[in-house]
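Below are the chains, spelled out letter by letter.
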Amino acid sequence: KRHLISAGDLTKDDALLILDTAEELARVSERSIKKLPTLRGRTVVNLFFEDSTRTRISFEAAAKRLSADVINFSAKGSSVSKGESLKDTALTLEAMGADAVVIRHGSSGAPHRLANWVHGSVVNAGDGTHEHPTQALLDAFSMRRRLGGLEGRRITVVGDILHSRVARSNVLLLHTLGAEVTLVAPPTLLPVSVGDWPCEVSYDLDAVLPKSDVVMMLRVQKERMNAAYFPSEREYSRRYGLDRDRFAKMPDDAIVMHPGPMNRGMEIAAEVADSARSTIVEQVANGVTIRMAVLYLLLGGETA
Ligand code: CP
């Protein structure tokens, strides 16, 4: 494949190749080999129209560890403020020699459109409320490293599913990898299409927690919602927050995940986020490794 736009485009073999490549790259890093020459002479453009901490920095770190040249483009401070379109912005960057364009955009479908305009590979780094495939890959990689495998594992994803590109990509990828996903959310924070997703839905977090191998908490995306969706932070936290009492209901070997950024004290208590069974910091480190694997397979290695 030339692009990575949706987790749903990955076959099980594609996904396993990316995870196994990341495992190899992690082993190389553990041998204190910080930089590989694999993508020397290649240029990766990070094209970010929405804010990001983890994804933007980890794509930059991943490209640099593979010796690629990196151009970071942020819409803020660019000619986008003068009305330049996504297409013209992309063609300008391609004229500067981009072999891959990593794009984050507020509009669902922007990476797909971009793939029609540029010759290089397009990697979706989060588009609107649609998908965030490398987040799902780094989550699967983190789960596999902690739990050993994903086949038959019970993954519970909790919170603002409606606005979450992370949830959709995770459901698609985890289903492909043989896991059983249950979404838990208030009815107002579930998309109408959820009945077509390959997962179960529950409104009762306390009933699902004891049967979960993984509990993935999602950020409540207050910037994308109005009061009709989300009447009260306290009520949300009481019914859907992972606090100390709920954490105690999880099996002793179950893990807690969050893609970040977190609303500490709302969807997740600080002591749960910082516990030894939380993978939140590992997820960030694994993000660099997964993004190295994706860039390597798209630009330098075998075809995924
Ligand atoms: N998880 C995630 O996508 O974080 P950023 O928005 O900081 O990139």
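Quantities reported herein were computed from a predicted structural model and do not represent experimental measurements.

## Topic: the UniProt feature "binding site: L-aspartate" (unreviewed entry) in the protein chain
Reasoning step 1: As annotated in UniProt, the feature "binding site: L-aspartate" (unreviewed entry) corresponds to Lys 82, Arg 165 and Arg 219 in the numbering used here. Maximum C-alpha separation among the annotated residues is 32.1 Å over a sequence range of 138 residues, too wide for a single clustered spot.
Reasoning step 2: With respect to the element layout, Lys 82 can be found in the loop between strand E2 (69-74) and helix H3 (86-95).
Reasoning step 3: With 6 C-beta atoms counted inside 10 Å, the residue Lys 82 sits in the exposed group.
Reasoning step 4: Locating Arg 219 in the fold gives a position in the loop between strand E8 (214-217) and helix H8 (233-240).
Reasoning step 5: Arg 219 sits in the partly exposed class, given 19 other C-beta atoms within 10 Å.
Reasoning step 6: Discounting residues that sit within four places of it in the chain, Arg 219 has contacts with Asp 160, Pro 261, Met 262, Asn 263 and Glu 267.

## Considering the sheet that holds E2
Reasoning step 1: Across the sheet, which stays open at both edges, the 4 strands sit in the order E2-E1-E3-E4 with parallel pairing between neighbours. Looking at strand neighbours, the two that pair on one side only are E2 and strand E4 (121-127), the edges of this open sheet. In this sheet, neighbouring strand axes are inclined to one another by 15 degrees on average, regardless of whether the strands run parallel or antiparallel.
Reasoning step 2: On top of the sheet, helix H4 (residues 110-117) reaches strand E3 (100-105) and E4; it is set at about 165 degrees to E4, its chief contact.

## Brief notes about the domain arrangement of the protein chain
Reasoning step 1: Split by domain assignment, the protein chain resolves into domain 1 (7-132 + 284-300) and domain 2 (133-279).
Reasoning step 2: Taking only C-alpha atoms into account, the centre of domain 1 sits 25 Å from that of domain 2.
Reasoning step 3: On the domain 2 side, the residues contacting the 25 residues of domain 1 number 22 residues.
Reasoning step 4: Listed by contribution, the elements that provide at least two residues to the side of domain 1 that touches domain 2 are helix H1 (12-30), E4 and helix H11 (280-300).
Reasoning step 5: Residues belonging to the side of domain 1 that touches domain 2 are distributed by class as follows: 10 nonpolar, 10 polar and 5 charged.

## Let's talk about the confidence of the model for the protein chain
Reasoning step 1: With 97% of its residues at a pLDDT of at least 70, the protein chain reaches an overall mean of 93.
Reasoning step 2: Under the prediction, the complex receives an ipTM of 0.97, its pTM being 0.95.

## Focus on the site of the ligand
Reasoning step 1: For the ligand, the full set of nearby residues is Ser 52, Thr 53, Arg 54, Thr 55, Gly 126, Gln 135, Pro 259, Gly 260 and Pro 261.
Reasoning step 2: Residue composition of the shell around the ligand, by class: 2 nonpolar, 6 polar and 1 charged.
Reasoning step 3: Counting residues domain by domain, the shell around the ligand receives three or more from each of domain 1 (7-132 + 284-300) and domain 2 (133-279).

## Overview of the environment of Gly 148
Reasoning step 1: Here Gly 148 shows up in the loop between helix H5 (133-147) and strand E5 (154-158).
Reasoning step 2: Counting along the chain gives 90 residues from Gly 148 to Ser 58, while the straight-line C-alpha distance between them is 24 Å.

## Side note on H5
Reasoning step 1: Its 15 residues give H5 an end-to-end C-alpha distance of 21 Å, which sits within 8% of 21 Å, the value for a rise of 1.5 Å per residue.
Reasoning step 2: The buried fraction of H5 is high, at 11 of 15 residues.
Reasoning step 3: Every buried residue of H5 is listed here: Pro 133, Thr 134, Gln 135, Ala 136, Leu 137, Leu 138, Asp 139, Ala 140, Phe 141, Ser 142 and Met 143.
Reasoning step 4: Buried positions along H5 lie against H1, E4, helix H6 (165-176), E8, strand E9 (255-257) and H11.
Reasoning step 5: After H5 finishes, the residue Gly 148 shows a positive phi value of roughly 95 degrees.

## Concerning the sheet that holds E5
Reasoning step 1: Strands sit in the order E7-E6-E5-E8-E9 across an open sheet of 5 strands; the sheet is parallel. The two strands at the open ends of the sheet, each matched to only one other strand, are strand E7 (200-202) and E9. Strand after strand, the sheet turns through a mean of 25 degrees between neighbouring axes, direction not considered.
Reasoning step 2: Pairing geometry for E5 and strand E6 (residues 180-184), over 5 bridges, is parallel. Along E6, the bridge assignment pairs Arg 154 with Glu 180.
Reasoning step 3: With respect to the sheet, H6 is in contact with E5, E6 and E8, its orientation differing from that of E6 by roughly 160 degrees.

## Some thoughts on the packing of H5 against H11
Reasoning step 1: Running from N to C, H5 and H11 cross one another at 115 degrees; their axes reach a closest spacing of 8 Å. Handedness of the H5/H11 crossing: right-handed. Facing Thr 134, Leu 137, Leu 138, Asp 139, Phe 141 and Ser 142 of H5, the residues of H11 in contact are Glu 282, Gln 283, Asn 286, Gly 287, Ile 290, Arg 291 and Val 294.
Reasoning step 2: Looking at the contact of H5 with H11 residue by residue, the class counts come to 5 nonpolar, 5 polar and 3 charged.

## So, the environment of Val 215
Reasoning step 1: Tracing the backbone through its elements, the reader meets Val 215 in strand E8.
Reasoning step 2: Residue classification places Val 215 among the buried residues on the basis of 29 C-beta atoms within 10 Å.
Reasoning step 3: Linking Val 215 and Lys 249, residues 34 residues apart in sequence, is a C-alpha distance of 11 Å.
Reasoning step 4: Beyond its immediate chain neighbours, meaning those up to four positions away, Val 215 contacts Thr 156, Val 158, Leu 209, Leu 242, Met 250, Ala 254 and Val 256.

Scoring rules and cut-offs
- Residues numbered from 1 in each chain as written.
- Predicted model: local features only at pLDDT ≥ 70, side-chain atom pairs only at ≥ 80, totals over all residues.
- UniProt positions renumbered as here; feature names shortened; annotations may be inferred.
- Helix = DSSP H or I, 4+ residues; strand = E, 2+ residues; numbered from the N terminus.
- Buried ≥ 20, exposed ≤ 12 C-beta atoms within 10 Å, placed from the backbone.
- Contact = placed C-beta atoms within 7 Å.
- Pairing = 2+ DSSP bridges.
- Axes fitted to C-alpha atoms, helices over the stretch in contact; angles between N-to-C directions.
- Domains from an automatic or database assignment.
- Nonpolar A, V, L, I, M, F, W, Y, C, P; charged D, E, K, R; others polar.
- pLDDT = per-residue confidence, 0-100.
- Near = placed C-beta within 6 Å.
- Expected span 1.5 Å × (residues − 1).
- Left-handed = near helix turned anticlockwise from the far one by under 90°.

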